[in-house]
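Listed below are the residues making up each chain.
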Amino acid sequence: MKKIIRINSRDNVAVALADLAKGDVISLEDGTTITITSPITRGHKIALCDIRSGEDVIKYGYPIGYATEEIKKGSAAHVYNIRTKLRESGEYSFSPQESRKCMERFEKRKAETSDVPAINVYHRKDGRIAIRNSLWIIPTVGCVNEIAKRLEKWGNENLSVADGVHAYTHPFGCSQLGDDHENTRKILADLVHHPNAGGVLVLSLGCENNTPSSFKEYLGPVDSSRVRFLTCQDVEDEEEEGKKILKEIAAVMKNDRRSPDSLSRLVFAAKCGGSDGLSGITANPLVGRFTDEITAMGGTMIMSEVPEMFGAEQMLMNRAESEEVFTSLVSMINGFKAYFTSHGQSVYENPSPGNKAGGISTLEDKSLGCVQKGGDAPVTDILSYGERVKKTGLNLLTGPGNDIVSTTAETAAGAHIILFTTGRGTPLGAPVPTVKIATNEELAKKKKDWIDFDASRVLREDSQSVLIDFINLIIKVANGEVLVKNEINGYSEISIFKDGVTL
């Protein structure tokens with residue numbers, strides 16, 4: 001295996017694929033060699049030439065910052081000698097030529113796509129499909145969280161539900177104003193309507209400002225045999241009444257069976273967390289190739305984490321399928337920058353300490369690796385927070401980078417499966433199967449109970465063969481033949497975005 005990788009021919013830094021010692025001599029693709037001048041950890045960057053102070057440091061073919069001092073050839077390039085070039089404002093332009101090129105590449109991929117894999121799924125009355133048949137308990141307010149948890153425990157011990165009973169607790173639903181109140185209602189309503197929930201118990205207290213009657217109206221039409229409501233203040237024994245309702249919902253669900261459909265009907269979401277220097281080289285590009293495949297089949301991919309688009313946003317804007325989509329994307333980017341500055345925060349206070357330890361130096365470095373998950377697909381729609389997917393293709397969803405807030409928003413938008421890349425490792429899971437994809441072999445071996453797929457294989461094997469194996473895993477997950485690690489471990493939770501006053 002190669003010891004370093006130069007991602008783009010324009011790059012003036014390479015990334016170490018293994019720990020390098022001072023004095024190691026590395027051969028480059030042009031036949032020249034480079035001598036390592038100090039120890040460099042896997043995932044960290046090496047200068048391929050002398051980089052002058054003030055000169056751009058180039059990775060992925062784009063600047064990831066500038067050198068704060070001269071960086072000698074063969075030496076490490078990291079936070080101590082690179083600084084971000086990001087600022088709070090930016091000028092963006094729509095390029096019809098770049099958009100047209102992207103659409104032409106996409107149409108060519110579509111024409112070359114012949115066989116779309118079949119999957120076995122649950123078919124809902126409204127025409128949607130599901131890959132799990134769970135019974136969800138959705139509290140409208142945090143006051144009933146413990147009741148929801150007790151009912152969850154009882155349901156899993158006493159009911160026969162294909163994919164279990166799950167309570168999605170949260171601290172909100174009361175004492176919220178404005179957008180916070182609206183966001184809570186949006187996310188909870190989206191979860192009630194999620195197709196992977198074969199049945200739902202909406203559990204209320206009764207006096208919260210997300211009132212049971214107003215929330216029912218907010219939900220709109222539901223299947224009354226599968227979506228049931230319980231207001232705890234209205235009954236003498238809320239647990240006994242809850243158990244009765246859960247039994248009745250489970251009885252409706254018991255005859256649900258899987259039947260054939262197409263992989264292209266599924267909605268996927270991409271997320272990265274605990275990223276390292278290999279994220280943009282192994283796991284994120286693997287998900288990007290999957291994005292290209294699934295969108296060419298007519299499927300859908302959601303990508304969120306707006307702050308981790310900063311520094312790479314023009315790349316995405318060049319792939320907007322229309323000027324209207326471009327304008328919406330600019331509004332999303334600038335809106336999230338305004339969110340940062342309204343709280344007196346800079347837009348570039350990222351990456352995290354773990355990211356830096358893994359070799360990521362600036363937000364541009366992180367963002368350019370992050371957006372690899374979107375492949376080369378055209379951007380077809382921009383979704384606001386809490387909005388559900390309406391169009392196939394690559395959708396960009398408004399939301400923060402925080403792992404569980406982001407995966408909750410992606411679930412609420414309609415994702416059946418989340419593809420979660422990680423270089424440092426994390427056990428978390430969303431309400432839908434959350435496939436953990438390791439960027440490096442060490443993590444895949446060390447955290448077998450967390451990781452579902454080792455993307456570092458692309459460094460040692462044919463990348464197309466690795467993609468095929470990955471798609472086969474996804475098919476098995478969709479069919480219910482394989483449970484991913486977050487499901488096996490019982491790690492499944494939600495978190496709702498908050499930005500305002502609590503009464």
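Here the structure is a predicted model, which means the values were calculated and not measured.

Let us look at the layout of surface pockets. In this structure, the largest pocket spans a volume of roughly 500 Å³. If you trace the largest pocket, you find 21 residues lining it, with Met315, Arg319, Gln372, Gly375 and Asp376 closest to the centre. Elements with a contribution of two residues or more to the lining of the largest pocket: α1 (96–112) and α6 (283–296). A per-element tally of the lining of the largest pocket places α6 first, with 4 residues. Across the lining of the largest pocket, the residue classes break down as 8 nonpolar, 6 polar and 7 charged.

So, about empty space enclosed by the protein. Evaluation of the coordinates by the stated rule reveals 1 cavity of 30 Å³ or more. There is about 60 Å³ of room inside the largest cavity. With 4 residues, helix α10 (residues 363–370) is the single largest residue contributor to the lining of the largest cavity. Residue composition of the lining of the largest cavity, grouped by class: 3 nonpolar, 5 polar and 4 charged.

Moving on: the environment of Leu48. Counting through the fold element by element, Leu48 comes out in the loop between β5 (45–47) and β6 (56–59). When the C-alpha positions of Leu48 and Asn12 are compared, they lie 5.3 Å apart, and in sequence the two are 36 residues distant. Ignoring anything within four residues of it in the chain, the contact list for Leu48 reads Ile4, Arg6, Asp11, Asn12, Val13, Ala14, Leu28, Ile34 and Lys73.

So, about the sheet that holds strand β16 (residues 259–262). Read across the open sheet, the 3 strands follow the order β11-β10-β16; overall the sheet is antiparallel. At either end of the open sheet lies a strand with only one pairing partner, and these are β11 (129–130) and β16. Across 4 bridges, strand β10 (residues 118–123) lies against β16 in antiparallel orientation. Bridge pairing in β16 places Ile119 opposite Asp261.

Strand order across the open sheet formed by 4 strands is β1-β2-β5-β8, with antiparallel pairing between neighbours. The open sheet is flanked by β1 (4–5) and β8 (76–77), the only strands paired with a single partner. Pairing between β5 and β8: 2 bridges, direction antiparallel. The residue of β8 that forms the bridge with Ile46 is Ala76.

What follows is about the pairing of strand β2 (residues 13–16). Here 2 bridges tie β1 to β2, and the two strands are oriented antiparallel to one another. Across the sheet, residue Ile4 finds its bridge partner in β2, namely Ala16. Sheet analysis places β2 next to β5, joined by 3 bridges and oriented antiparallel. Counterpart to Val13 in the pairing with β5 is Ala47.

Take the UniProt feature "domain: SAF" (unreviewed entry) in the protein next. Here the UniProt-annotated "domain: SAF" (unreviewed entry) positions come out as residues 11–83. Overall, residues 11–83 shows 0% helix and 37% strand. The separation of its end C-alpha atoms is 17 Å.

A word on the packing of aromatic side chains. Inspection of every chain in the model, using the stated rule, returns 12 aromatic pairs. Centroid distance Phe336 to Phe340: 6.2 Å. Interplanar angle 55 degrees. Geometry classified as tilted. With Phe336 and Phe340 both in helix α8 (residues 323–342) and 4 residues apart, this pair spans about one turn of that helix. Judged by relative accessible area, Phe340 falls into the buried class, the value being 19%. Aromatic ring contacts, followed pair by pair, group Phe310, Phe336, Tyr339, Phe340, Tyr385 and Phe497 into a single cluster. Directly above the aromatic system of Phe310 lies the positively charged group of Lys337, at a separation of 5.5 Å from the ring centroid.

Each value, and the rule that gives it
Residues numbered from 1 in each chain as written. Predicted model: local features only at pLDDT ≥ 70, side-chain atom pairs only at ≥ 80, totals over all residues. Heavy atoms only, no water. 1 Å grid on protein atoms, 1.4 Å probe; cavity = no way out; pocket = protein on both sides within 12 Å on 5 of 7 lines; lining within 4 Å. Points joined across faces, edges and corners; volume = space filled by probe spheres on them. Helix = DSSP H or I, 4+ residues; strand = E, 2+ residues; numbered from the N terminus. Nonpolar A, V, L, I, M, F, W, Y, C, P; charged D, E, K, R; others polar. Contact = heavy atoms within 4.5 Å. Pairing = 2+ DSSP bridges. UniProt positions renumbered as here; feature names shortened; annotations may be inferred. Phe/Tyr/Trp six-rings, centres within 6.5 Å; stacked < 30°, edge-to-face > 60°. Buried < 20%, exposed > 50% of the residue type's maximum accessible area, 1.4 Å probe, protein only. Lys NZ or Arg CZ within 6 Å of the ring centre and 35° of its normal.

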